[in-house]
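Close look at the chain arrangement
Next come the chains, spelled out residue by residue.
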Amino acid sequence: MKRELVYMDAKSSKFWNIELADNTHTVTYGRIGTEGQTLTKTFPDPAAAQKDMEKLIREKLGKGYVDAAAAGVGPMKASADPDGPIPLIAFSSINRRDDISQNAGTFIGKRVVDYDPEKPARADVVYRFRSDWDNNEVIPNLEQFLGTDAAAETAALIIGAWHGDDPELTPEGIIEVLVKSRDRLPMLAAIYIGDITSEENEMSWIKQCDLSPLLKAFPKLQLLRSRGGDGLKLASPEHVNLRGLALETGGMDVSVIRSVCTSNFPNLEYLELWLGTDEYGANHSIADLQPILSGRLFPRLKYLGLRNCQFADELAGVVVNSPLLSRIETLDLSLGVLTDEGARSLLMLPLNTTLKKLNLHYNYFTADMVRQLKALPLTVDASKPSNMDEGDEWRFVAVGE
Amino acid sequence: MNGDLSPWASNPRLGLIGNPANRRVRDFQDTVERLGRPRPACVAYEELLRDPEALTRLDVDVLRIDSPGEDERVATALIALGGGPPRAPLELGEIGFLKEYHQGFCRVIERIEQRGIPCVNSPRDITIMFDKWACHQRFVEHAVARPPAELAPEDFPSLLDRMRAHGSGRLFLKPLHGSSASGVCALRWTPHHQQLIAPLRVQSRGGEPVLVNSLDVRTYSTLTDIELILGLLLPQGMIAEQWIPKLALPGGAVDLRVLVIAGEARHWVIRQSRHPMTNLHLGNQRGDAAVLQELIGFHKLDAAFKLAEKAAACFPDSLYAGVDILIDSRHRPLVGEINAFGDLLPRLTHRGETAYAAIAKACYVQSCPV
């Protein structure tokens, strides 16, 4: 008996395989793309070995690992085919609240490296372009990279803190360069505009712009991820091949939600929206999310994340009745103000649907409620950051400031 | 490294100046005893402040001057000596009378210097290390990489004018004569927002606002709050340095505290935080050295140690100093600050020695050349 699992987030992409043989089991684990390490354990009898294997698998699934085959990931490579679909699991980035305080270490399962104009460009990593405290070379560096052979093979790009000493600067100029040089990036499948930690700039201060020119310029784009809500727009939300859209904000403007709701993304499988709080620009209500929850959009959706939401309890109450639950696999209400009230709604989730996973990381649940949620026949992440502030008076979303 | 060591006897008797009840003094005395040397006598700051002649009764060959901190009575006496009120009405943990405290401390150090007893770290160096602007200038002179910095104005309206003239920016404002993170503020602003992040809170004393150190780092976002806080801090003297985002590892941003002893970077810790201040007493944690080395590589880490040594070498009359090194997004090291009393690194060992053992041994080795 054998089970192969994988895990990916902004920090790492790892595999974990286990194989049972008589009264032993062998675990092989490591970073995807490496051979990893092997540990063999012997038990008094085969039943004990199997019992221990099942326990380990449950633990791994609880931590967010998924079956490699279902995710389309092998232990030795991040995706089956360099030109093929990005595994769905590789779309996620910030899995834990604390991931926000760090720049991405991996993106679409590949290692992220800050672009260094002094070194030859490679195609097997994802480059991040960002300004430093003493210069802003994002555009010159990007232009240099676009002139290399590696650009022609590159699958993904990250734009980090682009603003240098001018936090009012939007990424518009960078997007123009990318759009103008679209022919230099024929394989571009994923782009992240705004890998910016809170020390570099507050999420709600980041000046964004209309990102939809990227959709138009890159027909092979599968994933568009961005951080920052101020000025964020998707003026022409249209793309035949886009499979993932992730918009992280401290407060989402209703116009962005409307753009998503009137979009034409027929192949969208992954939708992650950070809704935020009214103090940081959120001016939407649960009614604005109804077109998404009604299930008439995005026929191929497998993951729905409505995260960092100040009304997560209310949202949970509405989501349980969504027709989407009959076809998505993951529901993610993490990073928001989710209490036992919302959890009670989630306990009423219809079962025997396609739903496999519930991500409720960062929450205000009582221990008893966590136990009840864990008893659901789903993989439930009800974890909390180690330094969760659980004061009774004030409850915050994970990214408020 | 140490200056003129010739007056030291071959078996020098070591004396201390400090607060005898403080763990710094006790731990150092215990360490020296464990090395098989006589337990060093300690003259208390309190005694020294009461009776300037106290030093004459100390029969030693070399002096280690330790921190006067963490003692309310010593603080009150230093403030009085520095020209402040005889009984400064300080709340517990209040950030006040920093200038007077520093003046008083310098007066005491002068008295020690006048005695002419050789010191492990020279009195002159110690007073400079307690002046962040003087340190900054010394580092610039010696081409030690530092964040750009200037003296902050002593009133809030002038600072606000400068902020508005720049449109937006990010600064660390640090009291010139503060210690640890006390009074340190991370300030950033745009034409639309402003934010001050600091381990302090505002308290009222008889209707008057006072600033008190707080173990949790708080964020103030209104101009009213920021004006109130900086209105109390700026007149006490501050340095304004560019706030350079620190390198982030899993678990938060990091900087390094490197203890340089006799010219060599020895004990070091990674200080990690989710806030702009990484001082360990603020509930922050020690980071993982292996993770740091994997991320930035051996050469960049070594460059950080070299820079710490270079910073310490700007104070050639001091045997040791704690140097804070920050690492920017391109993994280049910069000196955050240098600390005369930056050797409190309990339980940490390097080549099998604690920091105090290494310093104590260096005191003796330096005096008896092999």
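Model, not experiment: these values are computed from the prediction.

Another point: the sheet that holds strand β15 (residues 330-332) of chain A. All names here are of chain A. The strand order across the open sheet formed by twelve strands is β6-β7-β8-β9-β10-β11-β12-β13-β14-β15-β16-β17, and the pairing between neighbours is mixed. For this open sheet the edge positions go to β6 (106-107) and β17 (379-381), each flanked by a neighbour on one side alone. As defined by bridge partners, strand β8 (residues 126-129) adjoins strand β9 (residues 156-160) across three bridges and the pair is classed as parallel. If you follow Arg-128 over to β9, its bridge partner there is Ile-158.

Across all of its chains, the model carries 17 aromatic pairs over all chains by this definition. An aromatic cluster is present here, built from Tyr115(A), Tyr127(A), Phe129(A) and Phe145(A) joined pairwise through their rings. Here the basic side chain of Arg64(B) rests over the ring of Phe28(B), its NZ or CZ set 4.0 Å away from the ring centre. The aromatic ring of Trp243(B) is capped on one face by Arg170(B), whose charged end is 4.4 Å from the ring centroid.

Residues and elements named next belong to chain B. Taking 1.5 Å per residue, 18 residues should reach 26 Å; helix α4 (residues 98-115) reaches 26 Å between its end C-alpha atoms and fits that length. Restricting attention to buried positions, one finds in α4 the residues Leu-98, His-102, Gly-104, Phe-105, Cys-106, Val-108, Ile-109 and Ile-112. Packing partners of the buried residues in α4 comprise β1 (14-18), α2 (45-50), β3 (62-65), α3 (72-81), α5 (123-129) and β5 (169-175). Trailing α4 by a residue or two, Gly-116 shows a phi angle of about 75°, which is positive.

Right, let's get into the interface of chain B and chain A. With 29 residues of chain B at the contact, the number on the chain A side is 25 residues. For the pair chain B and chain A, the summed buried area comes to about 2200 Å², and 46% of that belongs to carbon and sulfur atoms. Summed over the three residues of chain B that lose the most area to chain A, namely Arg188(B), Arg274(B) and Ser329(B), the buried surface amounts to 25% of that side. Run the count over chain B and chain A and you get five salt bridges. Arg330(B) serves as the salt-bridge partner of Asp132(A), at 3.2 Å between the closest nitrogen and oxygen. Scanning the region where chain B abuts chain A turns up 15 residue pairs in polar contact (both at pLDDT 80 or more). Elements represented by at least two residues in the side of chain B that touches chain A include exactly β6 (185-189), β7 (194-205), β10 (248-249) and β11 (252-261) of chain B. Each residue belonging to the side of chain B that touches chain A can be placed in one class, and the counts come to twelve nonpolar, nine polar and eight charged.

In this section: the confidence of the model for chain B. All names here are of chain B. Looking at chain B, pLDDT values average 91 and 96% of them are 70 or higher. Put simply, strand β13 (residues 285-286) is where chain B has its lowest mean pLDDT, 83, and helix α6 (residues 132-141) is where it has its highest, 98. Across residues 1-9, confidence stays below pLDDT 50; counting only partners more than four residues off in sequence or on other chains, it has 28 contacts. The ipTM assigned to the predicted complex is 0.84, against a pTM of 0.87.

Residue and element names in this part refer to chain B. As summarised here, the arrangement of the six strands in space is β4-β9-β5-β6-β7-β8, forming an open sheet in which the pairing is antiparallel. Either end of the sheet is taken by a strand with one partner, and the two such strands are β4 (149-151) and β8 (208-220). Across the sheet, the mean angle separating the axes of adjacent strands is 35° when strand polarity is ignored. With nine bridges joining them, β7 and β8 adopt antiparallel strand pairing. In the sheet register, Ile-197 faces β8, and the bridge partner there is Thr-219. The sheet contacts of helix α7 (residues 156-166) involve β4, β5 and β6, and relative to β6 the element is tilted by about 45°.

Let us look at the side chain of Glu241(B). Residues and elements named next belong to chain B. With respect to the helices and strands, Glu-241 occurs in strand β9 (residues 238-242). Given the relative accessible area of 2%, Glu-241 is considered buried. Here the side chain of Glu-241 touches Lys-174 through a polar contact of 3.2 Å, side chain to side chain. Beyond its immediate stretch of four places on either side in the chain, Glu-241 contacts Arg-146, Pro-147, Pro-148, Ala-149, Arg-170, Leu-171, Phe-172, Lys-174 and Gly-336.

Attention now goes to unusual backbone geometry. The phi dihedral of Asn308(A) falls on the positive side, at around 55°, and the residue is not glycine. Exposure remark for Asn308(A): the relative accessible area of 0% places this residue in the buried category. Notably, Arg347(B) is not glycine yet its phi reads approximately 70°, a positive angle. Its place among the elements puts Arg347(B) in the loop between β15 (333-339) and β16 (349-350).

Turning our attention to the packing of α3(B) against α4(B). Residue and element names in this part refer to chain B. Two elements in contact, α3 and α4, have axes whose closest approach is 6 Å; the angle formed by their N-to-C orientations is 85°. The angle between the axes of α3 and α4 places the two elements in the roughly perpendicular class. Of the residues in α4, those in contact with Ala-75, Leu-78, Ile-79 and Leu-81 of α3 are Glu-100, Tyr-101, Gly-104, Phe-105, Arg-107, Val-108 and Arg-111. Classifying every residue of the contact of α3 with α4 by side-chain character gives seven nonpolar, one polar and three charged.

Rules and cut-offs
Residues numbered from 1 in each chain as written. Chains lettered and ligands numbered in written order. Predicted model: local features only at pLDDT ≥ 70, side-chain atom pairs only at ≥ 80, totals over all residues. Heavy atoms only, no water. Pairing = 2+ DSSP bridges. Helix = DSSP H or I, 4+ residues; strand = E, 2+ residues; numbered from the N terminus. Phe/Tyr/Trp six-rings, centres within 6.5 Å; stacked < 30°, edge-to-face > 60°. Lys NZ or Arg CZ within 6 Å of the ring centre and 35° of its normal. Expected span 1.5 Å × (residues − 1). Buried < 20%, exposed > 50% of the residue type's maximum accessible area, 1.4 Å probe, protein only. Contact = heavy atoms within 4.5 Å. Buried area = accessible area lost by both parts, 1.4 Å probe. Salt bridge = Lys/Arg side-chain N within 4 Å of Asp/Glu carboxyl O. Polar contact = N/O pair within 3.5 Å; in protein donor to acceptor, adjacent residues only side chain to side chain. Nonpolar A, V, L, I, M, F, W, Y, C, P; charged D, E, K, R; others polar. pLDDT = per-residue confidence, 0-100. Axes fitted to C-alpha atoms, helices over the stretch in contact; angles between N-to-C directions. Parallel < 35°, antiparallel > 145°, perpendicular 65-115°, else oblique.

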